[in-house]
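# A structural walkthrough
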Amino acid sequence: MQLIITDGWTARTRAIQLNGAKLVLALLLAATLLMLTSVVLYHWVFLTGARAGWPIMGPLAEIVTKDDVLQRDRFLRENLDVLARRMGEIQAKVIQLESLAERISGLTGVANPIPKGASGKGGTLVMGHSLSMLELEATLTSLEQLTGERADALTMLESRLLDKKISAMMVPTRVPVEDSVVGSPFGWRVDPINGQSALHTGLDFQASQGTPILAAAGGVVVTQEFHPAYGNMVEIDHGNDLITRYAHAVKTWVKKGDLIKRGQLIAEVGTTGRSTGPHLHFEVLVNGVQQDPQKFLDAGKDSATAGASTRKAGNTLAGTRKSP
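Residues numbered from 1 in each chain as written. Predicted model: local features only at pLDDT ≥ 70, side-chain atom pairs only at ≥ 80, totals over all residues. Heavy atoms only, no water.

## Considerations on the overall build of the protein chain
This is how the line gets drawn: Numbering of helices and strands runs from the N terminus, with a helix taken as a DSSP run of H or I at least four residues long and a strand as a DSSP run of E at least two residues long. By definition in these notes, contact holds between two residues if any of their heavy atoms fall within 4.5 Å. The method behind every accessible area is Shrake-Rupley, applied with a 1.4 Å probe, and residues are considered shielded solely by the protein chains displayed.
Of the regular secondary structure elements, the protein chain holds 4 helices and 14 strands. Intrachain contacts of the protein chain at a sequence separation of at least 6 include 60% that bridge at least 24 residues. When the accessible surface of the protein chain is split by element, carbon and sulfur atoms take 61% of a total near 21,200 Å².

## Let's talk about helix α3 (residues 133-169)
To be explicit about the condition: A helix is expected to reach a length of 1.5 Å times the quantity of its residues less one. Relative accessibility thresholds used throughout: buried, under 20% of the residue-type maximum; exposed, over 50%; partly exposed, between the two (1.4 Å probe, protein chains only).
With 37 residues, α3 ought to run about 54 Å at 1.5 Å a step, and its terminal C-alpha atoms sit 53 Å apart, in line with that. Leu136, Thr139, Leu143, Leu146, Arg150, Ala153 and Leu157 are the residues of α3 that are buried.

## Section: the pairing of strand β10 (residues 242-252)
Stated precisely, the cut-off is as follows: For two strands to be treated as a pair, DSSP must find at least two bridges joining them.
The sheet contact formed by strand β9 (residues 231-237) and β10 spans 5 bridges and is antiparallel. When the sheet's bridge partners are listed, Ile236 is paired in β10 with Thr244. Hairpin connection between β9 and β10: a loop of 4 residues separates the two successive antiparallel strands, and Gly239 in this loop has a positive phi of roughly 85 degrees. In the sheet, β10 pairs with strand β13 (residues 279-286) via 6 bridges, with the strands oriented antiparallel.

## Observations concerning the nonpolar core
This is how the line gets drawn: Side-chain atoms within 4.5 Å are what join buried Ala, Val, Leu, Ile, Met, Phe, Trp, Tyr and Cys residues into a set we call a nonpolar core.
Counting residues in each nonpolar core, the largest one holds 23 residues, and the members touching the most others are Ile213, Ile236, Tyr246, Ile266 and Leu280. Looking at this core, the elements that each hand over two or more residues are β6 (203-206), β9, β10, β12 (265-269), β13 and α4 (293-322). If sequence neighbours within four positions are ignored, Ile236 has contacts with Ala215, Gly219, Val220, Val221, Val222, Leu242, Ile243, Thr244, Tyr246, Ile260 and Ile266. Of all hydrophobic cores here, the second largest spans 7 residues; its members include Leu80, Ala84, Leu136 and Leu143.

## Quick notes on the confidence of the model for the protein chain
Our working rule: The predictor rates its confidence in each residue with pLDDT, a number between 0 and 100.
Per-residue pLDDT for the protein chain has a mean of 78; in total, 71% of the residues score no lower than 70. Low pLDDT, under 50, characterises residues 121-126; the stretch is placed with 15 contacts to residues that sit more than four places away or in other chains. Across residues 320-324, confidence stays below pLDDT 50; counting only partners more than four residues off in sequence or on other chains, it has 1 contact.

## Quick word on the packing of aromatic side chains
Defined as follows: Pairing of aromatic side chains requires ring centres within 6.5 Å, counting the rings of Phe and Tyr and the six-membered ring of Trp. Pairs whose planes differ by under 30 degrees are stacked, by over 60 edge-to-face, and all others tilted.
On inspection of all chains with the given rule, the structure shows 2 aromatic pairs. Ring centres of Tyr246 and Phe282 lie 5.4 Å apart, and the angle between their planes is 40 degrees; this geometry places the pair in the tilted category. Pair noted here: Tyr246 is in strand β10 and Phe282 is in strand β13, with a separation of 36 residues, a long-range link. Taking the relative accessible area as the measure of exposure, Phe282 reaches 0% and is therefore buried.

## Brief notes about the side chain of His238
Inclusion rule: Polar contacts, as counted here, are pairs of nitrogen or oxygen atoms within 3.5 Å of one another; within protein the pair requires one atom able to donate a hydrogen and one able to accept it, and residues that are adjacent in sequence qualify only if both atoms are side-chain atoms.
Along the polypeptide, His238 turns up in the loop between β9 and β10. What makes His238 buried here is its relative accessible area of 3%. Only 2.7 Å separates the side chain of His238 from the backbone oxygen of Gly218, close enough to count as a polar contact. Side-chain polar atoms of His238 contact the side chain of Thr244, separated by 2.7 Å. Other than its neighbours up to four places away in sequence, His238 contacts Met170, Ala217, Gly218, Gly219, Ile243 and Thr244.

## Overview of the pattern of salt bridges
Stated formally: In what follows, salt bridge is the name for a side-chain nitrogen of Lys or Arg lying within 4 Å of a carboxyl oxygen of Asp or Glu.
Here the structure, examined in full by the defined rule, presents 6 salt bridges. As a salt-bridge pair, Glu178 and Arg174 come within 2.8 Å of each other at their nearest N and O atoms. Overall, Arg174 belongs to the partly exposed group, its relative accessible area being 23%. Between Glu283 and Arg245 there is a salt bridge whose closest N-O contact spans 2.9 Å. Of this pair, Glu283 sits in strand β13 while Arg245 sits in strand β10, and the two are 38 residues apart along the sequence. As far as burial versus exposure is concerned, Glu283 and Arg245 are alike and both buried. Here the salt bridges do not stand alone but share partners, grouping Glu235, Arg245 and Glu283 into one network.

## Side note on the side chain of Thr244
Of note, Thr244 is situated in strand β10. Exposure remark for Thr244: the relative accessible area of 0% places this residue in the buried category. Setting aside anything within four residues of it in sequence, one finds Thr244 in contact with Pro172, Val234, Glu235, Ile236, His238, Phe282, Glu283 and Val284.

## Looking at the pairing of strand β5 (residues 197-200)
Note that strand β4 (residues 187-190) and β5 share 4 bridges and pair antiparallel. Within β5, the position partnered with Val190 by the bridge is Ser197. Between the end of β4 and the start of β5, which pair antiparallel, lie 6 residues, with Gly195 showing a positive phi angle near 75 degrees.

Spelled out as structure tokens, the structure:
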């Protein structure tokens, strides 16, 4: 390709010969210059005119940018609505946790640390209208505070349940000899050795020699000795001035100072001391005074029955929820 350039003043003519490569380069250079010119014109004329409020450029800029603004607003609105729905779901779960804490409190008899109607403190998320960013942030902050308070309250409830469980484990409500028959109850009776009326200060569990004797509750062994009347004897301190005594054992498996768990093997039934046959003489002492052990054992039976009923009701409720 050949370009001929003529100068009108000097009447000179100049020819430029363009081959394929030079032609392509020239076209690219021209396109680049055109693009840069367009960008400069856009920024100088269009944007400057739009910002300055020129009569034509202002409305033209609104028309050009209107779709972009609408799309951006629609995108933000949709995301805000999604976040609002998620926060509503979280608030619903918080309310469910409050209901769960109330049910657990009712079933266990432990005071509920979450007051009734406390869910209103967090500010209920109203979904009747679209929330603004400021409303969403305020609700999020309130919800974060509410979840923290509920977590602390449930932790407190867990601590109280643990304390109650430990207290129950330290009360002698477990039968010390399994599958045995009570021979002599607590109270006045004719003494089998001297034939005189005497107060029987415990329960006698009839069992063959060597039958395991189990701790009626957890505690610490405070006595392990041979007593002239009680024979081989073990005493366990359960705290709160509560002590259980196990007498006439043929063999003891614990010593003074041992930490004992509920149901742990501590001795074997025998007939040592003042005894007419193999049996366990079991006593419960409160502040050093013998009490009727049967009252404690009956309390344990009532608790077990109530616990079984609660578990059965819970299983039934869970099955109902799972069913369609």
